[in-house]
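# Observations on the model geometry
Each chain, letter by letter, is given below.
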There are 2 protein chains.
Amino acid sequence: MVYGQDKPGSAYMRLALEAARRAAAAGDVPVGAVLVDATTENIVAAAGNRVEQDMDPTAHAEMIVIREAATLRKDVRLPNCDLYVTLEPCPMCATAISFARIRRVYFGAFDPKGGGVENGPRIFDQSTCHHRPDVYGGIGESDAAALLKEFFAARR
Amino acid sequence: MVYGQDKPGSAYMRLALEAARRAAAAGDVPVGAVLVDATTENIVAAAGNRVEQDMDPTAHAEMIVIREAATLRKDVRLPNCDLYVTLEPCPMCATAISFARIRRVYFGAFDPKGGGVENGPRIFDQSTCHHRPDVYGGIGESDAAALLKEFFAARR
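Read on for an overview of the structure. All residue numbers here refer to positions counted from 1 along the written sequence of the relevant chain. The naming scheme follows written order: chains are lettered A onward, ligands numbered 1 onward. Where local features are concerned, this predicted model is filtered to residues with pLDDT of at least 70; where side-chain atom pairs are given and counted, the filter is 80 or more; whole-chain, interface and lining totals use all residues. No hydrogens and no water enter the side-chain calculation; it runs on all heavy atoms of the structure.

### Overview of the overall build of chain A
- For helices the rule is a DSSP run of H or I covering at least 4 residues; for strands it is a run of E covering at least 2, with both sets numbered from the N terminus onward. The number of helices and strands found in chain A is five helices and six strands.
- Our radius of gyration is a C-alpha quantity, and the globule rule it is checked against amounts to 2.2 Å times the number of residues to the power 0.38. The C-alpha atoms of chain A give 14 Å as radius of gyration, which agrees with the globular expectation for 156 residues (15 Å, within 12%).
- For chain A, the C-alpha atoms occupy an extent of roughly 40 × 30 × 30 Å along the three principal directions.
- Contacts between residues were defined by any pair of non-hydrogen atoms, one from each residue, lying within 4.5 Å. Across chain A, the fraction of contacts at a sequence separation of at least 24, relative to all contacts at a separation of at least 6, is 61%.

### Structural notes on the packing of aromatic side chains
All names here are of chain A.
- Only centres within 6.5 Å qualify two rings of Phe, Tyr or Trp (six-membered ring in Trp) as a pair; their planes then separate them into stacked at under 30 degrees, edge-to-face at over 60, and tilted for everything else. Counting across every chain of the model gives ten aromatic pairs over all chains.
- Taken together, a centroid distance of 5.1 Å and an interplanar angle of 45° make the contact between Tyr-12 and Tyr-84 tilted. In this pair, Tyr-12 sits in helix α1 (residues 10-25) while Tyr-84 sits in strand β4 (residues 81-87), placing the two residues 72 residues apart along the sequence.
- Buried, partly exposed and exposed residues are distinguished by accessible area as a fraction of the type maximum, computed with a 1.4 Å probe on protein chains only: under 20%, between the cut-offs, and over 50%, respectively. Classification of Tyr-84 as buried rests on a relative accessible area of 6%.
- Feature note: the residues Tyr-12, Tyr-84, Tyr-106 and Tyr-136 constitute an aromatic cluster, connected by ring pairs.

### Focus: the relation of the copies chain B and chain A
- The atoms used to superpose the copies are C-alpha atoms, taken from residues with pLDDT of at least 70 in both, and the fit is least squares. Laying chain B over chain A is done by rotating through 180° and shifting 0.0 Å along the axis; what remains is an RMSD of 0.0 Å. Taken together, the rotation angle and the small translation identify this as a two-fold axis. Closest approach to the rotation axis within chain B is made by the C-alpha atom of Met-92 of chain B, at a distance of 1.9 Å.
- Mapped onto chain A, 100% of the interface residues of chain B are again interface residues, and the two copies thus contact each other with one and the same surface.

### Side note on the side chain of Ser-98 of chain B
All names here are of chain B.
- For Ser-98, the location among the structural elements is in helix α4 (residues 91-99).
- Residue classification places Ser-98 among the buried residues on the basis of a relative accessible area of 5%.
- Within the structure, Ser-98 has its side chain in polar contact with the backbone oxygen of His-131 (distance 2.8 Å).
- Excluding residues that lie within four positions of it along the chain, Ser-98 makes contacts with Phe-124, Cys-129, His-130 and His-131. Whenever a nitrogen or oxygen atom comes within 3.5 Å of another N or O atom, the pair is scored as a polar contact, on the condition that within protein one atom can donate a hydrogen and the other can accept it, and that pairs from neighbouring residues in sequence are kept only if both atoms are in side chains.

### Looking at the interface of chain B and chain A
- Between chain B and chain A, the residue contacts involve 31 residues of the former and 31 residues of the latter.
- Put simply, buried area is the surface a 1.4 Å probe can reach on two separate parts but cannot reach once they are joined, added for both. Buried area between chain B and chain A, summed over both chains or domains, comes out near 2400 Å², and the portion from carbon and sulfur atoms is 69%.
- The term salt bridge refers to a pairing of a side-chain nitrogen on Lys or Arg with a carboxyl oxygen on Asp or Glu at a separation within 4 Å. Counting across the interface, chain B meets chain A through two salt bridges.
- For the salt bridge of Asp-56 of chain B with Arg-67 of chain A, the shortest nitrogen-to-oxygen distance reads 2.8 Å.

### Thoughts on the environment of Ala-19 of chain B
- In this fold, Ala-19 of chain B is placed in helix α1 (residues 10-25).
- Setting aside residues up to four positions removed in sequence, Ala-19 of chain B forms contacts with Gly-32, Ala-47 and Gly-48 of chain B.

### Regarding the pairing of strand β4 (residues 81-87) of chain B
Residue and element names in this part refer to chain B.
- Of all seven residues making up β4, seven are buried, and the element is well covered by its neighbours.
- The pairing criterion for strands is at least two bridges between them, as found by DSSP. Where strand β2 (residues 32-37) meets β4, five bridges bridge the pair, whose relative direction is antiparallel. From the neighbouring strand, Asp-37 faces β4, where its bridge partner is Cys-81.
- Pairing geometry for β4 and strand β5 (residues 104-109), over five bridges, is parallel. If you follow Leu-83 over to β5, its bridge partner there is Val-105.
- When the strands point away from the viewer and the connection leading from the first strand across the helix to the second strand turns clockwise, the crossover is called right-handed. For the handedness criterion, the β-α-β arrangement of β4, α4 and β5 is classed as right-handed.

### Description of the pattern of salt bridges
Residues and elements named next belong to chain A.
- Under the criterion given, the structure shown has 14 salt bridges over all chains.
- With its nearest N and O atoms 3.0 Å apart, the salt bridge here joins Asp-54 to Arg-50.
- With a relative accessible area of 32%, Asp-54 lands in the partly exposed category.
- Judged by its relative accessible area of 29%, Arg-50 falls in the partly exposed class.
- A salt bridge links Arg-122 to Glu-118, with the shortest nitrogen-to-oxygen separation between them at 3.5 Å.
- Salt bridges sharing partners connect three or more residues here, namely Glu-118, Arg-122 and Asp-125.

### Observations concerning unusual backbone geometry
All names here are of chain A.
- Of note in the backbone geometry, Glu-41 takes a positive phi value of approximately 65° without being a glycine.
- Mapped onto the secondary structure, Glu-41 falls in the loop between β2 (32-37) and β3 (43-48).
- Residue classification places Glu-41 among the exposed positions, given a relative accessible area of 55%.

Pasting the structure below:
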């Protein structure tokens, strides 16, 4: 993993943060994701968490953009796509990222309590993980973390 | 985990096997799942894999029944539900099972290559896993394994 490097892709991370803010405004945990075609640099899909909005425990931002992109492209594999997400993916999303053959994952805040990439089961480091994306953590970390902190502070 | 115990619930496992057979007939890997209300013993949702049918890398049988049940019940948590699935859940599905607070998981065949419960990341054994269902493995194992073997043999 590469830590906190400021990539030109930080514009995508800002869009992911905007999706996260919209999720919070709708009552969902503020996490946002943007899936980008690495060749054309076009955005394929963008979403915030919709667990509460959709009453769907699997509706994390990463799952939504993967599902949308696969349906759109009529392909269950998205090998030429990069994912920007404001929080370290959980084990569910990390496994879906591997299934979808995503090329690179850029994430914002680390998640010691629920993350599955650099924390917990470290999905991509498992010998049974058949595709490991390149991972860049800590991109826009402070904004993503501040958004989450603010959200949970307001709920206490 | 309890191994291969023949529970009264084996009727549900037979229904899960039927869903798995229908998935195979439609070109998907033959895995099926049934979600049961533990109090009423009614089936809440049943499905086979639909990855290829839906062009959705996340459309494993377990994910489909969890999503359907949560939407149906307008609740992201399903604490009074038991899941019957013909194959050991992968890490994605195991994490979703934990998020949904499923009470018990009965699975058929073990999956050393892709499983995430008794193999690989052993999701429910992670210290960051906040809900651990009771797990019963090897229920109707031979039928579930034979179905998968037959499916992959025909494709080679």
